[in-house]
Amino acid sequence: MRTSIATVCLSGGLVQKMYAAAEAGFDAIEIFEPDLIAAPQSPEEIRALASRLGLTLDLYQPFRDAEGVDESAFADVLHRAEAKFRLMQRLGIDLMLVCSNVATATVDDDEVSAGQLRRLGELAATYGIRLAYEALAWGRFVDDYRRSWRIVELADHPNVGVCLDSFHILSRGHDPKQIEEIPAEKIFFLQLADAPALSMDVLSWSRHHRLFPGEGSFDLPAFLGHVVRAGYDGPLSLEVFNDTFRQTDPVRTARQAQRSLRWLADRTADLLGEEADQHASLPRLPEMTAPEAFDFVEIKAPDTSGVEVLLEQLGFDFGGRHRSKQVRLWTWGAARIVCNDVPSASPAPRIAAVGFDVADSDPAAERAARLMAPPVHRRTYAGEQALRAFTSPDGTEVFLSHAEDWMGEFDGGVSGADGHDARIDHVNLVQPWHSFDEAVLFYTSVLSLTPQPTQEVAGPSGLVRSQVMSSPAGGVRLPLNLLPTGQPDAGQQGQAQHIALACQDIIGVVAAARERGLRPLKVPGNYYDDLVARFGLSDGLVATLRDLDLLYDRDPDGEYLHCYTETVGEVFFELVERRDRYDGYGAGNAPVRLVTQAG
Ligand SMILES: O=C(O)c1ccc(O)c(O)c1
Ligand SMILES: [Mg+2]
């Protein structure tokens, strides 16, 4: 598999982009013309740098508004193209992307467009250059890859082929299956991009919201499967126009991009099964079954005692002190929370690490390494388990671990089964605006979690975007929340991170916790009046909910009862009881929580 990335995906100047692409292990780049024009280096210098970095320059793009024009306009096109062919010779690039005409086309006739592409191809051939014709989703007349292929077929010139771009095909809902009918030697280039499901004009969607494969909602493994079946074995090139990636660290974006291709190749090979071997070399990743349980959550601060008070009120038992570190374990059934007192940590207690229960961490760690997840190195002493851990995009450490392997390092606590049925239901991680999409890809690829549809809930100072990453049976649920931009302090905005603990009898649990001094987040009376109106609950149940500050939700799958603790530093807890097959998170109640927490 040859990997390539368009320079338009990355921030910075052309040289900086090239270094980033090389650093992330790309074989090639597409040069986006405005990047070259703005660069102070000469084409020869860019060519030499690429060669030094081990990058090939696979495509020059875009050449616009070439075909479907009248003859006098076409004379200008040839003139304009010739200047670019000379430039491409200086760069040593032999493939030019020609976009379908969006601005100047006046002739809606495949024969005319084909004739013009043929003549452009004849001119290109004299420079040793080939043309890859791409149907833009918003082309004036040509906006469908099937039509661009028909025109290329009619042009019938060895230097004229098609460029397929997943965005233009999937955004329009065009069936990618017919790609298999295009002869492989006529697919000159392949551009890949994912995108979120949005309903907006395709041009804005394409220019601002494209994502790397695995971050959006397009089925890219299926798409690539069709291209591979057609026999294409050229580079897989990412072309992602995205406002966030255009203003964040290009090295980090390039690594994320490389990760997306490695994940996509693996998923596509999996989909194609034995067929994959006959076609292209799609490298597989070490297999990873999504973890079905949280192993532990670690809370870190110079002083975590405020959190420990809450844990005790909730019903946790002290599970012992770590032999060699200022770490204390608390357990409640299968829920394990470790409080780590680190003098140099930032003052507010926060979730520093999440352990995912992986019985065999070796292949999982190997997979994470292949996906370029940054490893975490923690000091361990003789006899202690060296746990495998990686840093997720928001900085939370992700451990691939298994309680039985490390619990023996804690002494002096309650040991053995405590008879409780509690477990960690979900861990909610607030994401900074610039790494939300990266986090979706990280958890999709590294942990094989599945992204659920994005939701938006209203908070007191803006919409909070929420996307849950979950394991197939729902044992691991990781809601990622995106703060409204421009918020100064996550804790104050009711947007601290939280750990939700599931139990079987929340009414009994909360009543007992209150006896121990727990004060759940106070729910306003209006909420309970509305509950009566929405669900027609019995007076008795509403009175109990009101009395215990419990929130309620119901859908056709079941019921959800939950409540929140107050926030300590940047963390709070939720207690939940899922009844029947309720699979949500009480999204309808989120605005009440957010407003109440904002105080
Ligand atoms: O938005 C554009 O103009 C544009 C240019 C080149 C491409 O390959 C593309 O997919 C879109
Ligand atoms: Mg494109």
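No experiment lies behind these values; they were computed from the predicted model shown.

## Considering the site of ligand 1
- All residues in the neighbourhood of ligand 1 are listed as Q61, P62, L97, C99, E134, L136, D165, Q191, S206, R207 and E239.
- Mapped by element, the contributors of at least two residues to the shell around ligand 1 are β3 (56-63), β4 (95-99) and α8 (202-209).
- Of the residues assigned to the shell around ligand 1, the class counts are four nonpolar, three polar and four charged.

## Some words on the domain arrangement of the chain
- The domain boundaries assigned to the chain delineate domain 1 (3-278) and domain 2 (294-598).
- Between domain 1 and domain 2, the C-alpha centre-to-centre distance is 42 Å.
- Across the contact, 14 residues belong to domain 1 and 11 residues belong to domain 2.
- Of the residues assigned to the side of domain 1 that touches domain 2, the class counts are four nonpolar, six polar and four charged.

## A look at the packing of helix α9 (residues 220-229) against helix α10 (residues 250-272)
- It is at 9 Å that the axes of α9 and α10 come closest, and there the two elements cross at 70 degrees. Considering their axes alone, α9 and α10 lie roughly perpendicular with respect to each other. Crossing hand, α9 versus α10: right-handed. Between α9, through L220, P221, A222, L224, G225 and V228, and α10, the contact on the second element is made entirely by L264, R267, T268, L271 and L272.
- Here the contact of α9 with α10 is composed, by residue class, of eight nonpolar, two polar and one charged.

## Quick word on the pairing of strand β6 (residues 160-165)
- Burial of β6 is extensive: six of the six residues sit out of reach of the surface.
- Here three bridges tie strand β5 (residues 130-134) to β6, and the two strands are oriented parallel to one another. Its bridge partner being in β6, A132 is matched across the sheet by G161.
- Running through helix α6 (residues 145-155), the crossover from β5 to the neighbouring parallel element β6 is right-handed.

## What about the sheet that holds β4?
- Taking strand neighbours around the barrel as the criterion, the eight strands line up as β1-β2-β3-β4-β5-β6-β7-β8 in a closed arrangement whose pairing is parallel. On average, each strand axis in the sheet is inclined to that of its neighbour by 30 degrees, with strand direction left out of account.
- Two elements, β4 and β5, share five bridges in a ladder whose sense is parallel. Directly across from C99, in β5, lies its bridge partner E134.
- Against the sheet, helix α5 (residues 110-125) touches β5 and β6, its axis set at about 150 degrees to β5.
- Relative to the sheet, α6 contacts β5 and β6, its axis offset from that of β6 by approximately 170 degrees.

## What to know about α5
- Between its terminal C-alpha atoms α5 stretches 22 Å, which fits the 22 Å expected from 16 residues at 1.5 Å a residue.
- Looking at α5, one finds that the buried residues are V112, S113, A114, Q116, L117, R118, L120, G121 and A124.
- Of the surrounding secondary structure, the elements contacted by the buried residues of α5 are α4 (71-91), β5, α6 and β6.

## Observations regarding the UniProt feature "binding site: a divalent metal cation" (unreviewed entry) in the chain
- The sites that UniProt annotates as "binding site: a divalent metal cation" (unreviewed entry) are E134, D165, Q191 and E239. Of the residues just listed, which span 106 residues, no C-alpha pair is farther apart than 12.8 Å, and they cluster in one region.
- The topology assignment puts E134 in strand β5.
- Residues contacting E134, with those up to four places away along its chain left out, are L97, V98, C99, S100, S148, C163 and D165.
- Locating E239 in the fold gives a position in the loop between β8 (236-238) and α10.
- Those residues in contact with E239 that sit more than four places away from it in its chain are A6, V8, C9, E30, D165, Q191 and A193.

Conventions adopted
- Residues numbered from 1 in each chain as written.
- Chains lettered and ligands numbered in written order.
- Predicted model: local features only at pLDDT ≥ 70, side-chain atom pairs only at ≥ 80, totals over all residues.
- Near = placed C-beta within 6 Å.
- Helix = DSSP H or I, 4+ residues; strand = E, 2+ residues; numbered from the N terminus.
- Nonpolar A, V, L, I, M, F, W, Y, C, P; charged D, E, K, R; others polar.
- Domains from an automatic or database assignment.
- Contact = placed C-beta atoms within 7 Å.
- Axes fitted to C-alpha atoms, helices over the stretch in contact; angles between N-to-C directions.
- Parallel < 35°, antiparallel > 145°, perpendicular 65-115°, else oblique.
- Left-handed = near helix turned anticlockwise from the far one by under 90°.
- Buried ≥ 20, exposed ≤ 12 C-beta atoms within 10 Å, placed from the backbone.
- Pairing = 2+ DSSP bridges.
- Right-handed = clockwise from strand over helix to strand, strands pointing away.
- Expected span 1.5 Å × (residues − 1).
- UniProt positions renumbered as here; feature names shortened; annotations may be inferred.

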